[in-house]
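Residue strings, one per chain:
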Amino acid sequence: EYMDKVKLYYTLDGTEPTPHSQVYNPSTSYFQPDLIKPILVSGPGTLMVKVIGYGKNDSEVFAYAY
């Protein structure tokens, strides 16, 4: 019942994602392909991603320079 509370949060400005950041795909317990959208970027930057979930330890932060 808590699967939908585990989310991929991301930022594009190099800051660490928080629960107030953008969410990549809001559904996790059931597949909804229409919710998987490209992350639009313009110019160089750093994509930072963190998995945050209810009752779980947060993941480490993953970074990708583009």
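A quick note: this is a predicted structure, and the numbers were derived from the prediction, not measured.

Most of strand 1 (residues 7-11) is tucked away: four of the five residues are buried. Here strand 1 pairs with strand 3 (residues 46-52) via five bridges, running antiparallel. Residue pairing across strands places Tyr 9 opposite Lys 50, the latter belonging to strand 3. Two elements, strand 1 and strand 2 (residues 22-23), share two bridges in a ladder whose sense is antiparallel. Residue pairing across strands places Tyr 10 opposite Gln 22, the latter belonging to strand 2.

Of the residues in the protein, 85% have a pLDDT of 70 or more, and the chain-wide mean is 85. The secondary-structure element of the protein with the lowest mean pLDDT is strand 2, recorded at 90, while strand 4 (residues 62-65) shows the highest, at 95.

Basis of the calculations
- Residues numbered from 1 in each chain as written.
- Predicted model: local features only at pLDDT ≥ 70, side-chain atom pairs only at ≥ 80, totals over all residues.
- Heavy atoms only, no water.
- Buried < 20%, exposed > 50% of the residue type's maximum accessible area, 1.4 Å probe, protein only.
- Helix = DSSP H or I, 4+ residues; strand = E, 2+ residues; numbered from the N terminus.
- Pairing = 2+ DSSP bridges.
- pLDDT = per-residue confidence, 0-100.

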